[in-house]
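The residues making up each chain are set out below.
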There are 2 protein chains.
Amino acid sequence: MTADADPRDATSELEPEIRDEDGRLASGFVEEVAEAISANDSARVRDLSGRLHESDLGDLIETLGPDDRPKLIELLGKDFDFAALTEIDETVRVQLLEELPPETVAKGMRELDSDDAVYILEDLDEADRARILAQMPALDRVALTRSLDYPEDSAGRRMQTEFVAAPPFWTVGHTIDYIADTDGLPDTFYEIFVVDPAHKLLGSVPLDRLLRTRRSRLLSEILEENPRTIRATEDQEQAARMFERYNLVSAAVVDDAGRLVGVLMVDDILDVIEEEADEDLRALGGVTGDEEISDPVLYTARSRIFWLLVNLATAFVSASVIGLFEGTIQQMVALAVLMPIVASMGGNAGTQTMTVAVRALATRDLGSHNARRLVRRETLVGLVNGVILAVLVGTFAGGWFQNAQLGLIIGAAMVTNFVCAGLFGILIPLTLDKLKADPAVASGVFLTTVTDTVGFFSFLGLATWWFGIGLGG
Amino acid sequence: MTADADPRDATSELEPEIRDEDGRLASGFVEEVAEAISANDSARVRDLSGRLHESDLGDLIETLGPDDRPKLIELLGKDFDFAALTEIDETVRVQLLEELPPETVAKGMRELDSDDAVYILEDLDEADRARILAQMPALDRVALTRSLDYPEDSAGRRMQTEFVAAPPFWTVGHTIDYIADTDGLPDTFYEIFVVDPAHKLLGSVPLDRLLRTRRSRLLSEILEENPRTIRATEDQEQAARMFERYNLVSAAVVDDAGRLVGVLMVDDILDVIEEEADEDLRALGGVTGDEEISDPVLYTARSRIFWLLVNLATAFVSASVIGLFEGTIQQMVALAVLMPIVASMGGNAGTQTMTVAVRALATRDLGSHNARRLVRRETLVGLVNGVILAVLVGTFAGGWFQNAQLGLIIGAAMVTNFVCAGLFGILIPLTLDKLKADPAVASGVFLTTVTDTVGFFSFLGLATWWFGIGLGG
């Protein structure tokens, strides 16, 4: 009975110990747990972390040293909630699962919802996965294996196979009584799915609607006829778009024949949305692959070098453009001093355009209906800002080297490069998207090639022509 | 009665007309609506778009030309769902609201949940807002004004003030009957809040738990004692982290005295998460402010120029570093050809590190507990990849200019710059975060300054020293 307790007091008693004001795990708390672990003090460990939310427990595991992690699980024993494993980085999870005995893992996994179990199993290699599955009850094993048969990143992988389904001829009252009387319903559900005898989905009834309706009415009278569904083989990102667009908290997953096979929950979708935004962001920053901050040095270095090699090729292309004008530079070293300004400013302007374009493509805000308008807009924005910066840079550069003509030339080169930056900043992602490539991953390197090449070529070329200095060495 | 209909058939009858396979509005559909609008064919307009989901209707409005937008709303008349306005860009929304008569707007807003109404009102200027509020019923006006009094981007602004609350001494059965018998409950709710007579929050009962419990039990016996709550004045991002961490679908919003004042729903949080990731991504791409793809050229140009000006200062700093070595370059033009390679490759490597660091800070994965480890890791990653690329670049450059010493020098400069890139790529965001500045916004420009300066200085400086060429012109 808590009628008199102030829940905020209770929270503030609990929270500050675990997390600091920024929402990170408090270092004092982590140290206390680590100490209890090294003292092998199972009672204290259980006291400190036995009743943590799976998410806090997951963060705790990540924060602990690699040796303390399996020990924590061991000391917690049956108080360890395996759902915490869904909250930690893949690298840490795989490592941990390899160190734990398969029976312990299988036992812990039995308590999990199917989506959590699949999430944990999917990253393991074939052998580890088989070893764990072999220890699971047959029914669970079949369900998990079926989910794992769906392609990676599909709705089928993310769905939960536990749901509440009812036939259309049940009354509201009967359904409510059924829920009250039945054990083994899923832990959490927000709607009842109405299915025919062949398990084809007929519609859904959100719980609030069920509660609002007279007991005598039939489910068939109150069901939502065309609930948003997603096919099990479809990509999870497509599901995420649907959840976002139609403000869903759960959605039925159906097979190709329209039969209900599972349910997607919004908390899993939240993870998908976060992942997706993360991928775009990293891709734009030249970090591809699924690097995590817990990865070791060599693994990280290897995952990043591919991108650096691609950029190296680009860098040599622009170097060779400069190489064309060695003679000009030798006669006017000021050009070498100023040329990076033209190239890098063009790169910055192009990146602004590209960032907007990549994100608009990802959220489906940019498409054939407005592509033309945006290409025009971005080119014009490039022109406007190019002219403004050209005046500034031209004035500075002309003053610096006491050469008004040099100021004019760098200004003209800036305008040229800014217009190209705007134009290609949007055309490159649009083209990659048309070719079904991910614009976030490859746009940057193409764009830099354009802005560097155009920047160096226009500036050095104009100077060579204007000052009448011959090409070559 | 839909017992025999296949919902997937019904969906596929409806969907392909409105959206193409990529999930964008189908251009055929948009054209049809535009034609009906120019023909002033209100019946056809209503036929096509009168029963669209608010999200589809919002996308339709954005896609139509600026003149067609108010016409669509006019032709739809009372079939227009004002919730669609929450789904469109701010620029378009504000424009539209200025063109519509305040009575029409006020009437449409009365149908909305309070969070949607606040979302629409908050972007309007004082005068427009007052004009619309004046037309609303007094009770709604008071609630909306109170929400608007909370700071921008706070939980109080995003919350819905409609919720279901019950006293702790009610039985489950009584609560279920109350819900069935009461009109005017919120459209959607996932939990019942249990409050004391002073409206202090005692706990919450999720609907599925309510349904699973025998009718005779008291709410006080089954309530979740310490539900996750958020203070109305707290930032919406803090709320988003809480939803993500603890997999919530709704959460109580309380005032400073712990009284229940509203509820946050996961669909609004989804928008917050998307916005937040968007902001980080744009900031890293040099797009600050709330630019939208529907903004006009001059507005966009202006919003982007600040960032370009900041970068211009950086560019002049690196130019002046090059200026120190004019004499060296004049005697060995190959240096001018190769120097951008050192600077840009360092920039790329640093950006990789910075991207990972900025994102890890945003998701609270990076904090004081692992900062030291990550600084070491990133520096080592810079060293490893620096050495590999140094060998490649050194070999190429040495071959290109038939000068092995030049190859050695560029190699040494690359290693130096890569180590600095890794080190500063993480130290800069960490420092900005410590100083309570947003690392996503400012890290890039500092980092480029470092990698350009170190790149040019190490390469040209080493060459000057090695080849014994005097400094200056």
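The model shown is predicted, which means the values in this text are computed figures rather than measured ones. (Residues numbered from 1 in each chain as written. Chains lettered and ligands numbered in written order. Predicted model: local features only at pLDDT ≥ 70, side-chain atom pairs only at ≥ 80, totals over all residues. Heavy atoms only, no water.)

**Remarks on the overall build of chain A**
In terms of regular secondary structure, chain A is built from 22 helices and 6 strands. Whereas a compact globule of 473 residues would reach a radius of gyration of roughly 23 Å, chain A reaches 30 Å, over 25% beyond that. The proportion of buried residues among the 473 residues of chain A is 58%. In chain A, the proportion of contacts linking residues at least 24 apart, taken out of those at least 6 apart, comes to 67%. Carbon and sulfur atoms make up 53% of the accessible area of chain A, which totals about 19500 Å². Positive and negative side-chain charges in chain A, numbering 40 and 78 respectively, have mean positions lying 7 Å apart. (Helix = DSSP H or I, 4+ residues; strand = E, 2+ residues; numbered from the N terminus. Rg over C-alpha atoms; globule rule 2.2 N^0.38 Å. Buried < 20%, exposed > 50% of the residue type's maximum accessible area, 1.4 Å probe, protein only. Contact = heavy atoms within 4.5 Å. Areas by Shrake-Rupley, 256 points an atom, 1.4 Å probe, with all protein chains shown as cover. Lys, Arg positive; Asp, Glu negative; His and termini not counted. Charge placed at Lys NZ, Arg CZ, Asp CG, Glu CD.)

**Re the pattern of salt bridges**
All names here are of chain B. Enumeration according to the criterion identifies 50 salt bridges over all chains in this entry. The residue Arg 44 makes a salt bridge to Glu 32 at a minimum N-O spacing of 2.3 Å. With a gap of 12 residues between them, Arg 44 in helix 3 (residues 42–49) and Glu 32 in helix 2 (residues 27–38) connect regions that are remote in the sequence. Between Asp 280 and Arg 359 there is a salt bridge, with the nearest N and O atoms lying 3.0 Å from each other. (Salt bridge = Lys/Arg side-chain N within 4 Å of Asp/Glu carboxyl O.)

**Comments concerning the interface of chain A and chain B**
In this complex, chain A contributes 145 residues to the contact, which on the side of chain B involves 146 residues. When chain A packs against chain B, close to 12600 Å² is buried across both sides, 61% of that on carbon and sulfur atoms. Three residues, A:Arg24, A:Leu211 and A:Ile293, lead the burial of chain A against chain B; their summed loss comes to 6% of the area buried on that side. Summed over the shared surface of chain A and chain B, the number is 10 salt bridges. Two residues, A:Arg214 and B:Asp181, come together in a salt bridge whose shortest N-O distance is 2.8 Å. On inspection of chain A and its partner chain B, the count reaches 41 residue pairs in polar contact (both at pLDDT 80 or more). Per-class residue counts for the side of chain A that touches chain B are 70 nonpolar, 32 polar and 43 charged. (Buried area = accessible area lost by both parts, 1.4 Å probe. Polar contact = N/O pair within 3.5 Å; in protein donor to acceptor, adjacent residues only side chain to side chain. Nonpolar A, V, L, I, M, F, W, Y, C, P; charged D, E, K, R; others polar.)

**Considering the sheet that holds strand 2 (residues 191–195) of chain A**
Through backbone hydrogen bonds, the strands of a sheet pair up, either in parallel or in antiparallel fashion. Residues and elements named next belong to chain A. Strand order in this open sheet of 3 strands is 1-2-3, and the pairing throughout is mixed. Taken across any chain shown, the strands that pair with only one partner, and hence form the sheet edges, are strand 1 (165–166) and strand 3 (201–206). The pairing of strand 2 with strand 3 spans 5 bridges and is antiparallel. For Phe 193, the partnering residue across the bridge sits in strand 3 and is Ser 204. (Pairing = 2+ DSSP bridges.)

**Some points on the relation of the copies chain A and chain B**
The two copies are related by a screw motion: chain A maps onto chain B through a turn of 180 degrees and a shift of 0.0 Å along the axis, at an RMSD of 0.1 Å. Accordingly, the operation relating the two chain copies is best matched by a two-fold axis. Residue by residue, 100% of the interface of chain A is reproduced at the interface of chain B, so both copies engage with the same surface. (Least-squares fit on C-alpha atoms with pLDDT ≥ 70 in both.)

**A look at helix 12 (residues 172–181) of chain A**
Buried within helix 12 of chain A are the following residues: A:Val172, A:Gly173, A:Thr175, A:Ile176 and A:Ile179. What you see down the axis of helix 12 of chain A is that its buried residues fit within an arc of 165 degrees, all on one side. Buried-residue contacts for helix 12 of chain A involve strand 2, helix 13 (207–212) and helix 14 (219–222) of chain A together with helix 13 (207–212) of chain B. (Arc of directions from axis to C-beta.)

**Some remarks on the nonpolar core**
Core analysis: the largest hydrophobic core is formed by 76 residues, its most contacted members being A:Met339, A:Phe459, B:Met339 and B:Phe459. Those residues within four positions of B:Phe459 in sequence are excluded, and the remaining contacts are B:Leu335, B:Leu338, B:Met339, B:Val342, B:Leu406, B:Ile409, B:Ile410, B:Ala413 and B:Val454. (Core = buried A, V, L, I, M, F, W, Y, C linked by side-chain atoms within 4.5 Å.)

**Concerning the confidence of the model for chain A**
Should the pLDDT be low somewhere, the predicted coordinates at that spot are not to be read in detail. Averaged over all residues, the pLDDT of chain A equals 88, while 96% of them reach at least 70. Considering only residues more than four positions removed or in separate chains, one finds that residues 1–16 of chain A, a stretch of pLDDT under 50, has 24 contacts. (pLDDT = per-residue confidence, 0-100.)

**Some words on the environment of B:Glu234**
Among the structural elements, B:Glu234 can be located in the loop between strand 4 (229–231) and helix 15 (236–246). Each C-alpha atom, one on B:Glu234 and one on B:Val310, is 32 Å from the other, the two residues being 76 residues apart in sequence.

**Section: a nonpolar patch on the surface**
The grouping of A:Leu309, B:Ile388, B:Leu392 and B:Phe396 at the surface amounts to a nonpolar patch, some 330 Å² of accessible area in total. No other element matches the 3 residues that helix 20 (residues 371–400) of chain B contributes to the nonpolar patch. Note on placement: B:Leu392 falls in helix 20. (Patch = residues over 30% accessible without salt bridge, like charges linked within 9 Å, V, L, I, M, F, W, Y side chains within 5 Å.)

**Observations concerning the packing of aromatic side chains**
Both the distance between ring centres and the angle between the ring planes are used here to describe each pair of aromatic rings. Within this structure, the stated rule accounts for 17 aromatic pairs over all chains. Taking the centre distance of 5.8 Å and the plane angle of 70 degrees together, the rings of A:Tyr190 and B:Tyr190 count as edge-to-face. Of this pair, A:Tyr190 sits in the loop between helix 12 and strand 2 while B:Tyr190 is found in the loop between helix 12 (172–181) and strand 2 (191–195), placing the two residues in two different chains. Using a relative accessible area of 15% as the deciding quantity, one classes B:Tyr190 as buried. With centroids separated by 6.3 Å and ring planes inclined at 85 degrees, the aromatic side chains of B:Phe163 and B:Phe193 adopt a geometry described as edge-to-face. Residue B:Phe163 is found in the loop between helix 11 (155–158) and strand 1 (165–166), and its partner B:Phe193 is found in strand 2; the two are separated by 30 residues along the sequence. By relative accessible area, B:Phe193 is classed as buried at 2%. Aromatic ring contacts, followed pair by pair, group A:Phe316, B:Phe396, B:Trp400 and B:Phe401 into a single cluster. It is A:Arg228 that lies over the ring of A:Tyr246; its NZ or CZ is 3.6 Å from the centre. (Phe/Tyr/Trp six-rings, centres within 6.5 Å; stacked < 30°, edge-to-face > 60°. Lys NZ or Arg CZ within 6 Å of the ring centre and 35° of its normal.)

**Examining the pairing of strand 6 (residues 260–265) of chain B**
Residue and element names in this part refer to chain B. By the criterion of burial, strand 6 is predominantly enclosed, with 6 of the 6 residues buried. Here strand 5 (residues 250–254) runs beside strand 6; their pairing, made up of 5 bridges, is antiparallel. Within strand 6, the residue paired with Val 254 across the bridge is Leu 260. Here strand 5 folds back onto strand 6, and the loop between the two strands holds 5 residues, one of which, Gly 258, carries a positive phi near 85 degrees.

**Brief notes about the side chain of B:Asn403**
In this structure, B:Asn403 sits in the loop between helix 20 and helix 21 (404–434). Here B:Gln405 takes part through its backbone nitrogen, which lies 3.2 Å from a polar atom of the side chain of B:Asn403.

**Digging into the pairing of strand 3 (residues 201–206) of chain B**
Most of strand 3 of chain B is tucked away: 6 of the 6 residues are buried. Hairpin geometry of strand 2 of chain B and strand 3 of chain B is characterised by an intervening segment of 5 residues between the two adjacent antiparallel strands and by a positive phi of about 70 degrees at B:His199.

**Comments concerning the UniProt feature "transmembrane region" (unreviewed entry) in chain A**
In the numbering used here, UniProt assigns the "transmembrane region" (unreviewed entry) feature to residues 305–325, 331–358, 379–401, 407–432 and 444–467 of chain A. Annotation note: span residues 305–325 of chain A, helix share 90%, strand share 0%, distance between end C-alpha atoms 31 Å. (UniProt positions renumbered as here; feature names shortened; annotations may be inferred.)

**Quick notes on the domain arrangement of chain A**
When the domains of chain A are assigned, the result is domain 1 (17–154), domain 2 (165–283) and domain 3 (297–466). Measuring from the centre of the C-alpha atoms in domain 1 of chain A to the corresponding centre in domain 3 of chain A gives 47 Å. (Domains from an automatic or database assignment.)

**A few points about the sheet that holds strand 1 of chain B**
Residues and elements named next belong to chain B. Pairing is mixed across the open sheet formed by 3 strands, whose spatial order is 1-2-3. Either end of the sheet is taken by a strand with one partner, and the two such strands are strand 1 and strand 3. As defined by bridge partners, strand 1 adjoins strand 2 across 2 bridges and the pair is classed as parallel. Bridge pairing in strand 2 places Ala 165 opposite Phe 193.

**A few points about a negative patch on the surface**
A contiguous patch of negative charge on the surface is contributed by A:Glu152, A:Asp153, A:Asp235, A:Asp271, A:Glu275, A:Glu279, A:Asp290 and A:Asp438. Mapped onto the secondary structure, A:Asp438 falls in the loop between helix 21 (404–434) and helix 22 (439–466).

**Digging into the packing of helix 19 (residues 334–362) of chain A against helix 22 of chain A**
Residues and elements named next belong to chain A. Where helix 19 meets helix 22, the closest approach of the two axes is 8 Å, and the angle between their N-to-C directions is 150 degrees. One element, helix 19, and the other, helix 22, form an angle in the roughly antiparallel class. Along this stretch, helix 19 crosses helix 22, giving a crossing that reads as right-handed. Here the contact of helix 19 with helix 22 is composed, by residue class, of 16 nonpolar, 8 polar and 1 charged. (Axes fitted to C-alpha atoms, helices over the stretch in contact; angles between N-to-C directions. Parallel < 35°, antiparallel > 145°, perpendicular 65-115°, else oblique. Left-handed = near helix turned anticlockwise from the far one by under 90°.)

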